[in-house]
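# Architecture at a glance
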Amino acid sequence: LELCTSEGTCLPPLSSASLQPATRGDVSSGWILLRELAMAAHLGHRDSLVELGHCYFEGTVCGVARSIPQAEWWYSKASSQGQAVGSVYLGFIHQFGVGQEGVNIERAERYYELA
């Protein structure tokens, strides 16, 4: 899948291996990755939805603060588009109560079943 804007600017293929933590003081590379992932998601690259979730789940990958609600939002978008990895991460979040008021085993099981 080639990801190009209407102006003809194309993005390289994305993979989980491309997600490396931005080094201290190198926030610009994290923001560039975040922008490219968002553009790829907008262009229909479903894997980038999961990658964006990872950015917010980890909080160090793309130069953004850790935000479980943001991660959950991106994983939900991925899950709703058939990305099993998004469902697995949602299951994990709810099984262990990551960023939640507590664990929610029933909800976790629903996401695991989707995967």
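Just so it is clear, the structure is predicted and the values come from calculations on it, not from any experiment. The written sequence of each chain sets the order in which its residues are numbered from 1. Two thresholds apply to this predicted model, a pLDDT of at least 70 for residue-level local features and 80 or more for giving and counting side-chain atom pairs, whereas whole-chain, interface and lining totals are computed over all residues. Side-chain figures throughout are based on the complete set of non-hydrogen atoms in the structure, without hydrogens or water.

## Some points on the overall build of the chain
For the purposes of this entry, the term helix denotes a DSSP run of H or I that reaches at least four residues, the term strand denotes a run of E that reaches at least two, and both are numbered from the N terminus. Regarding its fold elements, the chain presents 5 helices and 2 strands. Reading the secondary structure of the chain in the N-to-C direction produces β-β-α-α-α-α-α. A simple rule labels every residue: compare its accessible area, found with a 1.4 Å probe on the protein chains alone, to the largest value its type can have, and call it buried under 20%, exposed over 50%, or partly exposed in between. Taking all 115 residues of the chain together, the buried fraction comes to 39%. Areas reported as accessible are Shrake-Rupley estimates using a 1.4 Å probe. Residue values count occlusion only from the protein chains shown. In the form shown here, the chain has an accessible surface area of approximately 6,800 Å², with 53% of it arising from carbon and sulfur atoms.

## Comments concerning the packing of helix α2 (residues 47–58) against helix α4 (residues 84–96)
Helix axes are fitted only over the stretch in contact, all axes being lines through C-alpha atoms; the angle between N-to-C directions runs from 0 to 180 degrees. At a minimum axis distance of 9 Å, the contact between α2 and α4 shows a crossing angle of 30°. Taken together, the axis directions place α2 and α4 in an arrangement best described as roughly parallel. The chirality of how α2 crosses α4 is left-handed. Listed contacts from α4 to Val 50, His 54 and Phe 57 of α2 are Val 85, Gly 86, Tyr 89, Phe 92 and Ile 93. Any angle that falls under 35 degrees is termed roughly parallel, while one over 145 is termed roughly antiparallel, one within 65 to 115 roughly perpendicular, and all others oblique. Put simply, a crossing is left-handed when the front helix is turned counterclockwise from the back one by less than a right angle, and right-handed when it is turned clockwise. Throughout, a residue-residue contact means that at least one pair of heavy atoms, one from each residue, lies within 4.5 Å.

## Brief notes about the packing of aromatic side chains
Stacked, tilted and edge-to-face are the three classes applied to pairs of Phe, Tyr and Trp rings, where Trp contributes its six-membered ring and a pair requires centres within 6.5 Å; stacked means planes under 30 degrees apart, edge-to-face means over 60, and tilted covers the rest. Per the counting criterion, the structure on display carries 6 aromatic pairs. The interplanar angle of 70° and the centroid separation of 6.3 Å between the aromatic rings of Phe 57 and Phe 92 together place this pair among those described as edge-to-face. With Phe 57 in helix α2 and Phe 92 in helix α4, this residue pair connects regions lying 35 residues apart in the sequence. A relative accessible area of 10% places Phe 57 in the buried class. A relative accessible area of 34% places Phe 92 in the partly exposed class.

## So, the packing of α4 against helix α5 (residues 105–114)
Contact geometry of α4 with α5 gives a least axis separation of 8 Å together with a crossing angle of 165°. When the axes of α4 and α5 are compared, the pair comes out roughly antiparallel. By crossing handedness, the relation of α4 to α5 is classed as left-handed. Facing Ser 87, Val 88, Leu 90, Gly 91, Phe 92, His 94 and Gln 95 of α4, the residues of α5 in contact are Ile 105, Arg 107, Ala 108, Tyr 111, Tyr 112 and Leu 114. Residues belonging to the contact of α4 with α5 are distributed by class as follows: 8 nonpolar, 4 polar and 1 charged. Polar here means any residue outside two lists: the nonpolar Ala, Val, Leu, Ile, Met, Phe, Trp, Tyr, Cys and Pro, and the charged Asp, Glu, Lys and Arg; Gly therefore counts as polar.

## Thoughts on the state of the cysteines
The disulfide definition used here is simple: a pair of cysteine sulfur atoms within 2.5 Å. Tallied over the full model, the rule gives 1 disulfide. Cys 55 shares a disulfide with Cys 62; S-S distance 1.9 Å. Neither residue differs from the other here; Cys 55 and Cys 62 are each classed as buried.

## Digging into the confidence of the model for the chain
The predicted coordinates of low-pLDDT regions are not to be read in fine detail. The predictor reports its confidence for every residue as pLDDT, a score running from 0 up to 100. The share of residues in the chain with pLDDT of 70 or more is 76%, and the mean pLDDT across the chain is 80. With pLDDT under 50 throughout, residues 11–25 is counted as low confidence; its partners more than four residues away or in other chains account for 25 contacts.

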